[in-house]
Amino acid sequence: MKPQRFSPAGVALILGLAFLYLPLAVVIGYSFNASKLVTVWTGFSTRWYGELLADSQLMAAARNSLVVALVSATLAVVLGTAAGIVFARFGKFRGRTALAGMIAAPLVLPDVIAGISLLLLFVAAEQTFAWMPGRGLFTVIIAHAGFTMAYVAVIVQARLKGMEREIEEAAADLGARPGAVFLHITLPMLKPALIAGWLLAFVLSLDDLVIASFVAGPQSTTLPMVVFSSIRLGVSPKINALATLIIVGTLVLLAAAAWIGRGALKMKTPRL
Amino acid sequence: MTSVIRIAAVSKRFGPSTAVDDVTLDIRENEFLALLGASGCGKTTLLRLIAGLEQPDSGAIFIGGDNMTGTPPYARPVNMMFQSYALFPHMTVADNVAFGLKQDGISGAALTARVKEALEGVELETLGTRKPDQLSGGQRQRVALARCLAKRPKVLLLDEPMAALDKHLRERTQLELMALRARLGITFVVVTHDQSEAMAMADRVAVMEEGRILQVAPPRELYERPANARVARFFGDINLWDAAAAPRRPHPAGIVAIRPERIHMSRTPGSDTVCEGTVADVAYLGTASTCFVTTTTGLTVRVLVRSDEGAPPFTPGERVYLTWPASAMMALDP
Amino acid sequence: MIGTAWHRRIVLALPWLWTGLFFLLPFAFVLKISFSEAALSVPPYSDFFAYAGGAIVGLKANLANYQLLLSDALYVKAYLSSVKIGAIATFITLLLGYPMAYAIARAAPQRRNVFLVLVMLPFWTSFLIRIYAWMGLLRPTGLINSALLSLGVIDEPLLLLNTPFAVYLGIVYAYLPFMVLPLYARLEKLDPALLEAAADLGAKPWRAFLGVTLPLSRPGILAGCLLVFIPAVGEFVIPELLGGPNTLMIGKVLWSEFFSNRDWPMASALTVVLLVLLVAPIMLLQARREDAP
């Protein structure tokens, strides 16, 4: 069917996309505004970027967020890959439905629920085991790996299901042991899914406010936490600059991923 | 002749359905055996059981005299060419071929030599650096073949090797496979649903239906002396009659069969006429026509009439007289 | 086929262990603490048991939090209003998302991916930033009001920010991709020949849509609605930043119980009830995912 040029659905699509992008465009535009009054345009300037970089509190939080995102995304890829393999390749086993439910629940579970429950776990662990370190970045890492692994699992599972079983069987038939099949065949073929999964986990971790607010230790404030307490007080040009950097950074990251693992972009839409 | 593979009373079930049902089969050294049957008859499962990709529920599989029941696929001296070819999409042609050799610990110059030899064997030596998605269907099939043959298996298993090829490529590939087998002197086991393909290539054909083997025999024997009506139906056109209703009844019970090309049809009665009837329909096939004749007793008889017999072609409504030698009739179990 | 028994076991053990430790166990603690009392201690809740000389002498757990939760109108209202806001916002998202998904599914194949990427891209950029962007637009001195004022449409700025309107807008904006994706997945699989057959049989386009397209896309509608509704009900950031003091949502109440009042047991009880409320929709979503091919 040929798309009609001005079908009602087509108009809705254009309006919907405009709805999605206009606010972001405005933020980016105003980040270059010279005026401190966010809405009055007084001229092009990059002074807010300078102030942003000079804000040591923000920079420290950004560093924390990067560390958390890097480590938790990597952990999420390992866990999510295991879960994806279990669901795509292990057929029926006892408790499959229950496990599937628990793995996938964080995709939709409100963040406040995940945040409070994990915090109570960490507090109880601190009380019970004297050797447990207090809450800090590592508790955020665990919490983030837990909810981002769900996304990785979905992506990996979809990729494995789309992959012919015969390819792995051919490798076994040619003499490869299970470990070698996984290392030389399954893993390389999963590469686009792993890249997409890692990126998604990384971005989601970088973005999380609610869960981190619950589980982070006093010395381990993350970037969204600082941003949140700042924008609660209102709109500020410095945050506009930060938002611009985040938007541009995400785009660069995605473009790089698309370039490194061709096919990764196609995979990035998890089938929910 | 010694058997290179012995399948002894093997059964395999998938849930409620039985894919392979108590099959016993000896595959001889250096033979070209075809497993023939409609889709879902269990022929591919049987092949996968030999490869070790499935494990039997009961029975045993011997390869080269060793009991290989339970042995994983990577430890079996057989290799399989998959219907989809299952080429590793992330590896070059040469790496695909080298994969199986590397698993055997072959490396360095020996590896390079073996890969080169295997690719030369299928005339793909110039395409070693390509990826599978840069090859044509025929080329992909030959890579899959080379990948198996590089391992120098005792037995090569081929699952519907022609299924993904164009018609004109199929006939050429058939000849190539037969030549290859003659040159290498290894056993080929081919799964196919195409009876003409099985007849053309195989030394022996095992006809399967519903998980069981109906008959194992050379193609000529299958055609001329089918074990039962189900096998007979598989190979070409045939008239199958209930013995009680058959003209010139040789047996009192069972099913009587006769090939349409063994029946002679003429417009005039003769001393040897077996029955007479009316031409109901004519299907023109080029070199011959199939005529459907309704006899005076109400039986429908298919008759193959060659186009070069000189006489004007038969037309529906004509009165005709049929005859055939008694030896052309076969008594079959249902 | 992958792997022998012990390979399998390790791969299976990993997700089981993780979910047991960091999914099931936390909920057990939430449940446990929801039965205790707030206390001026570290951590700020009473013990489950009463101790005397190192021995358990009694159970201190009680149902006080749940009694308060049911008797205090604030909590009940917060739940009801969350469900209402979630449901209405989900419906608006569906009304906007359906035609978008439909248009993408009917676009030329090479354009489809471009549109899909465009719909998904905002999901990859920061959620917080996207909500923040609306704060800037909706403020009395924001772009929308300035534009309307300078065009002379209005004489004084409209109150847009910190209103229920802003909360609905925020939810629709933030969760739109989650609606479009499953709808698209469903609509894309729809064979155009079905609509041609309907037309051939005499159905007008809107009849064909109501009789063929809409019923066949129902699984997508259900999935999309659940994917928006479930997280929206427990949303905190959107009502906090875009809503006003009168916007009552359970996520906000829970947050303030926890962080402002430091009443962890009450927050736990609120969490338990929210979870119970969401179990049915989550299981519905899960059932759909499991029988997806």
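Residues numbered from 1 in each chain as written. Chains lettered and ligands numbered in written order. Predicted model: local features only at pLDDT ≥ 70, side-chain atom pairs only at ≥ 80, totals over all residues. Heavy atoms only, no water.

> Explain the overall build of chain C residue by residue, including any values.
The number of helices and strands found in chain C is 13 helices and two strands. Here chain C has a C-alpha radius of gyration of 24 Å; the compact-globule value for 293 residues is 19 Å, and the former is much larger. Seen through its C-alpha atoms, chain C measures out along the principal axes to roughly 85 × 70 × 35 Å. Across the 293 residues of chain C, 52% fall into the buried class. Of the contacts made within chain C by residues no fewer than 6 positions apart, 69% connect residues no fewer than 24 positions apart. For chain C, the accessible area works out to roughly 13,600 Å², and carbon and sulfur atoms hold 70% of it. Across chain C, the 20 positively charged side chains and the 15 negatively charged ones have centroids separated by 7 Å. (Helix = DSSP H or I, 4+ residues; strand = E, 2+ residues; numbered from the N terminus. Rg over C-alpha atoms; globule rule 2.2 N^0.38 Å. Buried < 20%, exposed > 50% of the residue type's maximum accessible area, 1.4 Å probe, protein only. Contact = heavy atoms within 4.5 Å. Areas by Shrake-Rupley, 256 points an atom, 1.4 Å probe, with all protein chains shown as cover. Lys, Arg positive; Asp, Glu negative; His and termini not counted. Charge placed at Lys NZ, Arg CZ, Asp CG, Glu CD.)

> Got a sec to walk through the sheet that holds strand S5 (residues 66-67) of chain B? Specific residues and values, please.
All names here are of chain B. Read from one edge of the open sheet, four strands run S2-S1-S4-S5, paired in antiparallel fashion. Where the open sheet ends on each side, the last strands, each with one partner, are strand S2 (17-28) and S5. Here five bridges tie strand S1 (residues 3-14) to strand S4 (residues 58-63), and the two strands are oriented antiparallel to one another. Across the sheet, Arg6 pairs through a bridge with Phe62, a residue of S4. (Pairing = 2+ DSSP bridges.)

> How would you summarise the pairing of strand S3 (residues 32-36) of chain B if you had to cite specific residues and measurements?
Successive residues of a regular strand alternate their side chains across the two faces of the sheet. Residue and element names in this part refer to chain B. When you tally the buried positions in S3, you get five out of five residues, the bulk of the element. Of the two faces of S3, both are covered, the one formed by Phe32, Ala34 and Leu36 as well as the one formed by Leu33 and Leu35. As paired strands, S3 and strand S8 (residues 187-192) are joined by five bridges and run parallel to one another. Within S8, the position partnered with Ala34 by the bridge is Val190. Direction of pairing for S3 relative to strand S9 (residues 204-209): parallel, over a ladder of four bridges. Residue pairing for S9: Leu36 is matched across the bridge by Val207.

> Can you explain unusual backbone geometry? Please cite residues and give values.
Trans peptide bonds make up the majority, and among non-glycine residues the majority have a negative phi. Although it is not a glycine, Ala9 of chain B adopts a positive phi angle of roughly 50°. Along the polypeptide, Ala9 of chain B turns up in strand S1. Although it is not a glycine, Asn162 of chain C adopts a positive phi angle of roughly 60°. Its location among the elements puts Asn162 of chain C in the loop between helix H6 (143-150) and helix H7 (164-189).

> Account for the packing of aromatic side chains, naming residues and giving values.
Within this structure, the stated rule accounts for 27 aromatic pairs over all chains. Between the aromatic rings of Trp134 of chain C and Tyr173 of chain C, the centroid separation amounts to 5.5 Å while the plane-to-plane angle is 80°, which identifies the pairing as edge-to-face. Taken together, the positions of Trp134 of chain C in helix H5 (residues 127-138) and Tyr173 of chain C in helix H7 put the pair 39 residues apart, joining distant regions of the chain. Note on Trp134 of chain C: relative accessible area 7%, which makes it buried. Ring pairing ties together the aromatic residues Phe214 and Phe228 of chain A together with Phe236, Trp255, Phe258, Phe259 and Trp264 of chain C, which thus form one cluster. Positioned above the aromatic ring of Tyr223 of chain B is the side chain of Arg259 of chain B, whose terminal nitrogen or guanidinium carbon lies 3.9 Å from the ring centre. For the cation-ring pair, Arg267 of chain B lies above Phe314 of chain B, with the distance from its terminal atom to the ring centre recorded as 4.4 Å. (Phe/Tyr/Trp six-rings, centres within 6.5 Å; stacked < 30°, edge-to-face > 60°. Lys NZ or Arg CZ within 6 Å of the ring centre and 35° of its normal.)

> Mind laying out the pattern of salt bridges, listing which residues take part and the relevant values?
Residue and element names in this part refer to chain B. In total, this model carries 21 salt bridges over all chains according to the counting rule given. The partner of Glu224 in a salt bridge is Arg220, with the nearest N and O atoms 3.2 Å apart. Taken together, the residues span about one helical turn, with Glu224 and Arg220 both in helix H7 (residues 219-224) at a distance of four residues. Owing to a relative accessible area of 41%, Glu224 belongs among the partly exposed residues under this scheme. With a relative accessible area of 61%, Arg220 lands in the exposed category. Two residues, Arg319 and Glu276, come together in a salt bridge whose shortest N-O distance is 2.9 Å. Residue Arg319 is found in strand S17 (residues 319-323), and its partner Glu276 is found in strand S14 (residues 275-284); the two are separated by 43 residues along the sequence. (Salt bridge = Lys/Arg side-chain N within 4 Å of Asp/Glu carboxyl O.)

> Requested: an account of a nonpolar patch on the surface, with residues and values cited.
A cluster of nonpolar side chains, Val67, Leu70 and Val71 of chain A, forms an exposed patch at the surface whose accessible area comes to about 220 Å². Looking at the element boundaries, Leu70 of chain A is found in helix H3 (residues 56-89). (Patch = residues over 30% accessible without salt bridge, like charges linked within 9 Å, V, L, I, M, F, W, Y side chains within 5 Å.)

> Mind laying out the interface of chain C and chain A, listing which residues take part and the relevant values?
In this assembly, 96 residues from chain C lie in contact with 99 residues from chain A. In total, about 9,000 Å² of surface goes out of reach between chain C and chain A, with carbon and sulfur atoms giving 80% of it. Linking Arg232 of chain A and Glu240 of chain C is a salt bridge whose minimum nitrogen-to-oxygen distance equals 2.8 Å. At the junction of chain C with chain A, the criterion picks out six residue pairs in polar contact (both at pLDDT 80 or more). No other element matches the 19 residues that helix H1 (residues 5-33) of chain C contributes to the side of chain C that touches chain A. (Buried area = accessible area lost by both parts, 1.4 Å probe. Polar contact = N/O pair within 3.5 Å; in protein donor to acceptor, adjacent residues only side chain to side chain.)

> Explain H5 of chain C residue by residue, including any values.
Since the α-helix advances by 3.6 residues per turn, residues separated by three or four positions end up pointing in the same direction. Residue and element names in this part refer to chain C. End to end, H5 covers 17 Å across 12 residues, agreeing with the expected 16 Å (1.5 Å per residue, within 8%). Within H5, 12 of the 12 residues are buried, which leaves the element mostly enclosed by the surrounding structure. Residues of H5 that are buried: Phe127, Leu128, Ile129, Arg130, Ile131, Tyr132, Ala133, Trp134, Met135, Gly136, Leu137 and Leu138. A side-chain oxygen of the first residue of H5 lies 3.3 Å from the backbone nitrogen of Leu128; this N-cap is Ser126. (Expected span 1.5 Å × (residues − 1).)

> Now, about helix H4 (residues 109-124) of chain C: what can you tell me, with residues and values included?
With 16 residues, H4 of chain C ought to run about 22 Å at 1.5 Å a step, and its terminal C-alpha atoms sit 23 Å apart, in line with that. Those residues of H4 of chain C not exposed but buried are Arg112, Phe115, Leu116, Val119, Met120, Leu121, Pro122, Phe123 and Trp124 of chain C.

> Pulling in residues and values, what's your account of empty space enclosed by the protein?
Per the counting criterion, the structure on display carries seven cavities of 30 Å³ or more. In this structure, the largest cavity is lined by 27 residues; those nearest its centre are Asp111, Phe147 and Tyr151 of chain A together with Phe127 and Tyr175 of chain C. Mapped onto the lining of the largest cavity, the elements with two or more residues apiece are helix H5 (111-128), helix H6 (137-161) and helix H8 (178-207) of chain A together with H5, H7 and helix H10 (218-233) of chain C. Grouping the constituent residues of the lining of the largest cavity by class yields 21 nonpolar, one polar and five charged. Quantified by volume, the second largest cavity comes out at close to 190 Å³. Taken together, 17 residues make up the lining of the second largest cavity; nearest its centre are Pro106, Gly146 and Phe147 of chain A together with Phe22 and Phe23 of chain C. Looking at the lining of the second largest cavity residue by residue, the classes come out as 14 nonpolar, three polar and no charged. (1 Å grid on protein atoms, 1.4 Å probe; cavity = no way out; pocket = protein on both sides within 12 Å on 5 of 7 lines; lining within 4 Å. Points joined across faces, edges and corners; volume = space filled by probe spheres on them. Nonpolar A, V, L, I, M, F, W, Y, C, P; charged D, E, K, R; others polar.)

> Which residues make up the environment of Pro182 of chain C, and what values go with them?
All names here are of chain C. Note on placement: Pro182 falls in helix H7. Counting along the chain gives 156 residues from Pro182 to Pro26, while the straight-line C-alpha distance between them is 30 Å. With residues up to four places along the chain from it excluded, the contact list for Pro182 reads Gly220, Ala223, Gly224 and Leu227.

> Which residues make up the sheet that holds strand S18 (residues 330-332) of chain B, and what are the values?
All names here are of chain B. Here three strands make up an open sheet; going across it, the order is S11-S12-S18 and the pairing antiparallel. Taken across any chain shown, the strands that pair with only one partner, and hence form the sheet edges, are strand S11 (239-242) and S18. Neighbouring strand axes in the sheet, compared pairwise and without regard to direction, differ in orientation by 30° on average. Bridge count for strand S12 (residues 255-258) against S18 is three bridges, and the pairing is antiparallel. Among the inter-strand pairings, Ile255 is bridged to a residue of S18, identified as Leu332. (Axes fitted to C-alpha atoms, helices over the stretch in contact; angles between N-to-C directions.)

> Describe the environment of Glu160 of chain B, and please don't skip the residues or the numbers.
You can see Glu160 of chain B is positioned in the loop between strand S7 (155-159) and helix H5 (167-184). Distance from Glu160 of chain B to Ile255 of chain B, taken between C-alpha atoms, is 32 Å for residues 95 residues apart in sequence.

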